[in-house]
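Coordinates in review
One letter stands for each residue in the lines below.
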Amino acid sequence: MTDAWRELYDTEYPRLLRALLAIGGDPDAAEDAAQEAFVRAHRTGLDRLERPGAWLLVVGTRELLRHRRRRRIEDQRWAQRGSPQPPGMDSIADRADLLAALRQLPDRERTVVVARYYYGLTYDEIARLFAIKSGTVGATLHHAIEKLRQLHIAGRLARGAIR
Amino acid sequence: MTDERDDEMLGRALSRAIETQDVSETAFERSRVAMPKPNVGLFIFQRVGGAAAVLVFGALLASWIMSRPALQPVAASETPAASAIAAGATATPVATTTPQPVAIDHDVIYVARIGLPPVSFRAPLASNFGREQRIAAHITALRALRPDSWPPDTRNFLWGNTFQGGVSVTISGELATVDLLLEDKPWSVGETGAATGILQQLVYTATEEPGIRAVLFTHDRGQQMRIGDVAITQPLTRENVFGYKPVDPRLIGEEFPLACTAAPCPTGATKLTASQSVDVVGRGVTRFTIQIDGALPPSFGISPLKADTPSTAWAGKYVLRIDVAGTEVKPGLELVERTPLRAIRSSVDGGRTTYELAMDDLRPWRVVTLSNPYRVVIDFGGYVTSVSDSIAVYAPVPGDPPMRQFAVRGLASVFEASVSWRLRDSTQRVVANGVTTASIGTSRQWGTFEFNVAVPSSAAPGDMWLEVYSASPKDGSDLGLVRVQLKVG
C-alpha cells in the first residue's frame, strides 16, 4: 500500500463518511459504503481516477443507495431515535433539524444537495458524475432546497413548541 | 437573486451540519483498502428460504445495535494489572439504592482470544425479540464489531470476513440450526487462530440464547459449512470447541476433606467470605475463593449441574454447587458477567452455606485448599495448551516477552507430588530440566508448585518449549504433559 493511498484515504475518507451519513442516516451503512468505495477505487487504480474525491462520492453513494430499499425498517428506527438536543444549544439543535429535514428528501434530491453544498461540485459535474440530465440538476436542487427550508422551519417551530 | 442567495446560505448551513456530524472514523491501517486482501464488505440483505423475516430483521437490528453507544465489554480479557483492579472492585457486592438485575445478561456476543476460549461482549437487543431473532441478530452483530471496539487482547475474526449478514435460524429443543449466507465463498482463515476463533465465536454466540445447548451451522441453504480445515458435520456445544480436554460429562459430585494443618487450630463459629477473580492468578484463569474464619468444617462438597432451564434463568449453562458448613457473611446474588463466571448465588440454611456458580461452560476446574488463612479455592480454565488433567501451568504463558530467567507457577495433581520439567530449544534438544514438589500429591485436591528456571548461557535466543509433566511410576513416561511455547531473549 503506497503513501498515495494513505494520503487519499486521510484526505477523503472523513469527508466521504460524513457525506454518506448525511445521505443515508445510518453510521454502519455509511462506513460500509465508504470502505467499499475505497476498495473499488483501489481496484480501479489511482491513476485512472480523474477526480478521486468526486469519484468516491459517486461510488459510495451508489453503494449506499443500492441497499437502501431493503433497509426501510432501519430507517424507521433511525427516525424514531431522533437526535439528542441539549437544552439551550440552538446551533446544535439547528444542525440536527437540518439533518433531520435532509433525511426526509428523496434519495436523489438528498444526494444532489450533498454533492452541491458539501462537496462543492458544479451543476455540470453533478450531471456528468451522477448521470443526471444537465438541465434538471438546477431544478432538482432548487426543489430540494425549497423543501429543506420548509421542513427546517417546521422543525424549528415544533422544537420551540415543545420547550 | 434573493432566492439564490438564500439557497446558498441554507446550503452552507447544511454543509456545516454535515461536517459536524459525530462519526467514528476508521484509521487507514484498519481500513479495508489497507488490508492485504481487501475484502468486499458487501452489506448483504438477501433472503434465505422461508426464514426471510428472521434473516432481514435480525440483520437490521444487529446493525442498529452495533451503532448504539451502549456496547461495552462485559468479560474482556485484561492485563493482570487492570484486572486486579477490576477484581478488587467486584469481589464484594456493593450496596446500592438502584434495583439490581436478578438474572445474567444474555445480550452478548463473543470475541476470540488466541489460545483461550472466547469472552463475551455486551450487545443489547430490543426486549421483544423472539428466540430465533435474537440468535440471528447476535450472529449478524459479530460481523459489525469493529477493531476499535475490540476489548484488549481479543480479536473479532468475523470482522471483514466472508459473512456480511444473512442468517436463518430454526430451533428444536436444545438445538439451534443456523444457516449463514456466504454466497458460497470460503471463510478467510489466513490469520493465526482464525479458524478456531471463528468457530468458537459462532458457537458461543449462538448458544448464549437460554435453552440452546448445541448449534449446527450450515451455509447457503443447508450446505455443510467448512471453516478452514474444519468441516462442521454435526451440532456443536461449547465444550466441543473450547479447546480443553472435556470434563467427565457424568457430572458426579465430590466431597473434599478439610483438615487443620498447624496448631493452634481455629475455633468459634464458622464464617465464610466468598470472592472471585478473572485473569488475575493466570491468563484465562477464573478463581473462586471461600475464606474460612473460625472452626474448620470437616469437609465441603462440589457438584456440577446442568442449568439453563426456565427455572434457572439467573444462571448460565452449568452451575457448580459448593456446600460448606458455616455462614456466608453476605449471602445473595452477585452478577459477575465475566466469562466463564456469570454469577454467584449464595444462600444460608441451617448453618450451612450453598454457593452456586453460574458458568458459561464446563471447562476444567481444580480444587485447592490453602492455609493461613484457610481457603477453599476453585480455579477454572487457563491457557488451553497449559492445562492437562493433572498439570496446570499459570505462568509463564505463550506471548510473554523474551526472557532468560523466569518463575514457573501452577497446580498439579500428580503421584507423590513430584512435578518434572524440561526446557527444549528450537531443535527440540533439552537444554535444562529438573524436578520440583507440589504442596500435595495425588488427591482429589490439587497442590501448588513454583520453581525458577534459568536458561543456560549456551542456549541461543529464539523459540523454546517449557514442558511440565509427571513421570509415570510404572514406566517413567510423561503423564499430563503440557507444553508452553516461549521466547528466550
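Residues numbered from 1 in each chain as written. Chains lettered and ligands numbered in written order. Predicted model: local features only at pLDDT ≥ 70, side-chain atom pairs only at ≥ 80, totals over all residues. Heavy atoms only, no water.

Some remarks on unusual backbone geometry
Residue and element names in this part refer to chain B. The criterion, for reference: The helix and strand labels rest on DSSP assignments: H or I over at least four residues marks a helix, E over at least two residues marks a strand, and numbering proceeds from the N terminus. Buried, partly exposed and exposed residues are distinguished by accessible area as a fraction of the type maximum, computed with a 1.4 Å probe on protein chains only: under 20%, between the cut-offs, and over 50%, respectively.
Cis peptide bonds are those with omega within 30 degrees of zero, and the linkage from Ala263 to Pro264 qualifies with -5°. Tracing the chain through its elements places Pro264 in the loop between strand 9 (254-257) and strand 10 (271-278). Residue Pro396 is reached from Ala395 by a cis peptide bond, and omega for that bond is 0°. Assignment of secondary structure puts Pro396 in the loop between strand 20 (391-395) and strand 21 (405-412). You will see that Asp153, though not glycine, has its phi angle at about 70°, which is positive. With respect to the helices, strands and loops of the structure, Asp153 is situated in the loop between helix 4 (131-142) and strand 4 (167-172). With a relative accessible area of 39%, Asp153 lands in the partly exposed category. With a phi close to 60°, Ala417 is a non-glycine residue in the positive phi region. For Ala417, the position within the fold is in the loop between strand 21 and strand 22 (418-424). Classification of Ala417 by relative accessible area gives buried; the value is 6%.

So, the environment of Gln104 of chain A
As for its placement among the helices and strands, Gln104 of chain A is situated in the loop between helix 5 (90-102) and helix 6 (107-118). Distance in space between the C-alpha atoms of Gln104 of chain A and Lys147 of chain A is 9.1 Å, their sequence separation being 43 residues.

Brief notes about the confidence of the model for chain A
Residues and elements named next belong to chain A. To keep things clear, this is the line we draw: pLDDT measures the predictor's confidence residue by residue and takes values from 0 up to 100. It only takes one pair of heavy atoms within 4.5 Å for two residues to be counted as in contact.
Here chain A averages 75 in pLDDT, while 74% of its residues score no lower than 70. Element-level mean pLDDT values for chain A span from 44 in helix 4 (residues 72-81) up to 89 in helix 1 (residues 3-24). Scored below 50 in pLDDT, residues 73-90 shows 25 contacts in the model against residues more than four places distant or in partner chains. Taken together, the stretch residues 158-163 has pLDDT below 50 and engages in six contacts with residues farther than four places along the chain or on a different chain.

Concerning the state of the cysteines
Note on terminology: disulfide describes a covalent bond linking the sulfur atoms of two cysteines. Residues and elements named next belong to chain B. What counts is decided by this rule: Two cysteine sulfurs form a disulfide in these notes if their separation is within 2.5 Å.
With the rule as written, the count across this model stands at one disulfide over all chains. Each disulfide pairs two cysteine sulfurs, and for Cys260 the partner residue is Cys265, the sulfurs being separated by 1.9 Å. Disulfide Cys260-Cys265: torsion about the S-S bond near -100°, hence left-handed. Among the residues examined, Cys260 registers a relative accessible area of 29% and is labelled partly exposed.

A few points about the pattern of salt bridges
Residues and elements named next belong to chain B. The cut-off we apply is this: The working definition used for a salt bridge is a side-chain nitrogen of Lys or Arg within 4 Å of a carboxyl oxygen of Asp or Glu.
This model, assessed by the stated rule, comprises 33 salt bridges over all chains. Arg134 is the partner of Asp107 in a salt bridge, and the nearest nitrogen-oxygen pair spans 3.4 Å. Taken as a pair, Asp107 in the loop between helix 3 (80-90) and strand 2 (108-113) and Arg134 in helix 4 lie far apart in primary sequence, 27 residues in all. Both residues of the pair, Asp107 and Arg134, belong to the buried class. Its salt-bridge partner being Arg134, residue Glu209 comes within 2.9 Å of it at the nearest N-O pair. On the criterion of sequence distance, the pair formed by Glu209 in the loop between helix 5 (194-206) and strand 6 (214-219) and Arg134 in helix 4 is long-range, its members being 75 residues apart. Of the two residues, Glu209 and Arg134, neither departs from the other in class, the shared state being buried. Connected through salt bridges with shared partners, the residues Glu208, Arg238, Glu337, Arg342 and Asp360 form a single ionic network.

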